[in-house]
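Here are the chains, one letter per residue:
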Amino acid sequence: MTAIGTDGIGRAGAHAAGWDRAVQVWLWIIALLVLAMITVGGATRLTDSGLSITEWKPILGAIPPLTDAHWQEAFAKYKEIPEYHLVNKGMSLEAFKAIYWWEWGHRFLGRIIGLAFALPFAVFWFMGALRPGYPVRLAGVLGLGGIQGAIGWYMVQSGLVDRVDVSQYRLALHLTVAFMILALVVWLAREIGRHEQAGTARLARLPAAVVALILTQVVIGAFVASLKGGLVYNTWPTMNGALIPDDLFVLEPWYHNPFENPVMAQFVHRLVAYAVVLAVAVEAWRTFASGAVGERRGSAALMLAAVLGQAALGIWTLLEAVPIGLGIAHQACAAILLVVATRHLHIASRQT
């Protein structure tokens, strides 16, 4: 007769706990890799490297140019797109190699993440190491990762014919899905460490709203980045002396402005940032006022510190007109903030 451990799922207690720890460590490693992917993606965008590889070869594309002839071939393909003719015409082969390596590294890391997820997942599943329901959940995340690869190419395609950069709509989709994958992996890593019966918790509303606001800010941030909205109105707290600039609605029809007007995109990004900070501050105050101790209190304090740090970094990045280093750090810290907020949501939901 099978022993039932404290996890309540019908596996032997000590054996199940050992497998759970292994799966949890694996998922945290995946989360770190996704965080690295988001960071490298930011560097790829800020160095204008994203269009340097004009083909999508999921398998053979893992091999970079190995000879001078191969480099010349890759460079010749880049010379066929508008970005070369209108932005980088006359660039040297060495300059091309610099942007090529960023994009190749971004794609290669994506392949590494796919293998680092799929192979251990298959082993854990074959060994019966996964809790009931987890094969389906993890397969869903793996599938979303595959779709994300296709979205990445869909984004790159938008800059190969009639534009010198990628579509802001496709960039927003690509970045948002990356952040969603990160949040899902963090949630599952936290969930696998639970010992109580599944289904005993309900989502904590304010912490859930914080996570939703952060994801919304990611979407808006993608539009700011794509429209180069960080290069206009490099002042704070006003926008060149005005709380509300007079060029928010210069495009017609009016509803194009949040997605195509860099001024409006930056303005909305500021407003949502204030909302995120306020929501986190209220959640921290409620947590401290309730007398919560231990993990939840520490989690609220960590989230408050993270959001204040990210806000300060965002202001600094804006005032300096988005230098590459600060821009990369801002995107990476946004991902870290999402990890912290997702963790807090899980903790709060298990104590509600």
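Please refer to the structure higher up on the page.
Description of the structure in this document. (Residues numbered from 1 in each chain as written. Predicted model: local features only at pLDDT ≥ 70, side-chain atom pairs only at ≥ 80, totals over all residues. Heavy atoms only, no water.)

1. Describing the overall build of the chain
Part 1: Each helix and strand counted, the chain has 11 helices and 0 strands in total.
Part 2: Reading the chain from its N end, one meets helices and strands in the order α-α-α-α-α-α-α-α-α-α-α.
Part 3: Taking 2.2 N^0.38 as the reference for a compact globule, 352 residues should give roughly 20 Å; the C-alpha atoms of the chain span a radius of gyration of 23 Å, in line with that estimate.
Part 4: For the chain, the spread of C-alpha atoms along the three principal axes comes to 75 × 55 × 35 Å.
Part 5: Relative to its full complement of 352 residues, the chain shows a buried share of 45%.
Part 6: The contacts of the chain with a sequence gap of at least 6 include a subset with a gap of at least 24, amounting to 75%. (Helix = DSSP H or I, 4+ residues; strand = E, 2+ residues; numbered from the N terminus. Rg over C-alpha atoms; globule rule 2.2 N^0.38 Å. Buried < 20%, exposed > 50% of the residue type's maximum accessible area, 1.4 Å probe, protein only. Contact = heavy atoms within 4.5 Å.)

2. Overview of the packing of helix 7 (residues 205-226) against helix 11 (residues 324-349)
Part 1: One can describe the packing of helix 7 onto helix 11 by two numbers: an axis separation of 9 Å at closest approach and a directional angle of 160°. Judged on the interaxial angle alone, helix 11 and helix 7 are roughly antiparallel. As for how helix 7 packs across helix 11, the hand of that crossing is left-handed. Of helix 11, the residues touching helix 7 (which contributes Pro 207, Ala 208, Val 210, Val 211, Ile 214 and Leu 215) are Leu 337, Leu 338, Ala 341, Thr 342, His 344, Leu 345 and Ala 348.
Part 2: Tallied by class, the residues present in the contact of helix 7 with helix 11 amount to 11 nonpolar, 2 polar and no charged. (Axes fitted to C-alpha atoms, helices over the stretch in contact; angles between N-to-C directions. Parallel < 35°, antiparallel > 145°, perpendicular 65-115°, else oblique. Left-handed = near helix turned anticlockwise from the far one by under 90°. Nonpolar A, V, L, I, M, F, W, Y, C, P; charged D, E, K, R; others polar.)

3. A short note on the environment of Val 339
Part 1: Mapping Val 339 onto the fold places it in helix 11.
Part 2: For Val 339, a relative accessible area of 19% gives the class buried.
Part 3: Along the chain, Val 339 and Phe 179 lie 160 residues apart, while their C-alpha atoms are 9.2 Å from each other.
Part 4: Sequence-distant contacts of Val 339, defined by excluding residues within four places in its chain, comprise Trp 28, Leu 182 and Val 186.

4. So, helix 4 (residues 93-126)
Part 1: Relative to the 50 Å expected for 34 residues at 1.5 Å per residue, helix 4 spans 48 Å between its end C-alpha atoms, a close match to the ideal helical length.
Part 2: Two residues or fewer after helix 4 comes Gly 128, characterised by a positive phi angle close to 70°. (Expected span 1.5 Å × (residues − 1).)

5. Structural notes on unusual backbone geometry
Part 1: Cis geometry marks the peptide bond from Trp 236 to Pro 237; its omega dihedral reads 10°.
Part 2: Between Glu 252 and the following residue, Pro 253, the backbone shows a cis peptide bond with an omega angle of -5°.
Part 3: The residue Ala 321 is not glycine, and still its phi comes out positive at about 60°.
Part 4: As for its position among the elements, Ala 321 is in the loop between helix 10 (295-319) and helix 11.
Part 5: The exposure class of Ala 321 is partly exposed, given its relative accessible area of 31%.

6. Let's talk about the packing of aromatic side chains
Part 1: Summed over the entire model, instances satisfying the criterion amount to 21 aromatic pairs.
Part 2: Taken together, a centroid distance of 5.4 Å and an interplanar angle of 55° make the contact between Trp 26 and Phe 124 tilted. Here Trp 26, found in helix 1 (residues 13-46), pairs with Phe 124, found in helix 4; they are 98 residues apart in sequence, far enough to count as distant. We note that Trp 26, like Phe 124, is buried.
Part 3: When the centroid spacing of 5.8 Å and the interplanar angle of 80° are considered together, the rings of Trp 254 and Tyr 255 count as edge-to-face.
Part 4: Pairwise contacts between aromatic rings join Trp 71, Phe 75, Tyr 78, Tyr 84, Phe 96, Tyr 100, Trp 101, Trp 104 and Phe 108 into one cluster. (Phe/Tyr/Trp six-rings, centres within 6.5 Å; stacked < 30°, edge-to-face > 60°.)

7. Describing the side chain of Gln 148
Part 1: One can find Gln 148 in helix 5 (residues 134-157).
Part 2: At a separation of 2.8 Å, a polar atom in the side chain of Gln 148 contacts the main-chain carbonyl oxygen of His 174. (Polar contact = N/O pair within 3.5 Å; in protein donor to acceptor, adjacent residues only side chain to side chain.)

8. Notes on the pattern of salt bridges
Part 1: Within this structure, the stated rule accounts for 11 salt bridges.
Part 2: Between Glu 55 and Lys 77 there is a salt bridge, with the nearest N and O atoms lying 2.9 Å from each other. One end of the pair, Glu 55, is in the loop between helix 1 and helix 2 (68-78); the other, Lys 77, is in helix 2, with 22 residues separating them in the sequence.
Part 3: In this structure, the salt-bridge partner of Arg 350 is Glu 191, at a minimum N-O distance of 2.7 Å. Residue Arg 350 is located in the segment after helix 11, and its partner Glu 191 is located in helix 6 (residues 168-191); the two are separated by 159 residues in the primary sequence. (Salt bridge = Lys/Arg side-chain N within 4 Å of Asp/Glu carboxyl O.)

9. A few points about the side chain of Gln 266
Part 1: Among the structural elements, Gln 266 can be located in helix 9 (residues 262-289).
Part 2: Residue classification places Gln 266 among the buried residues on the basis of a relative accessible area of 4%.
Part 3: Here the side chain of Gln 266 touches Gly 229 through a polar contact of 2.8 Å, landing on its backbone oxygen.
Part 4: Within the local environment of Gln 266, its side chain forms a polar contact with the side chain of Arg 270, the two groups lying 2.8 Å apart.
Part 5: When sequence neighbours within four positions are dropped, the list of residues in contact with Gln 266 reads Val 224, Gly 229, Gly 230, Val 232, Tyr 233, Met 239 and Leu 318.

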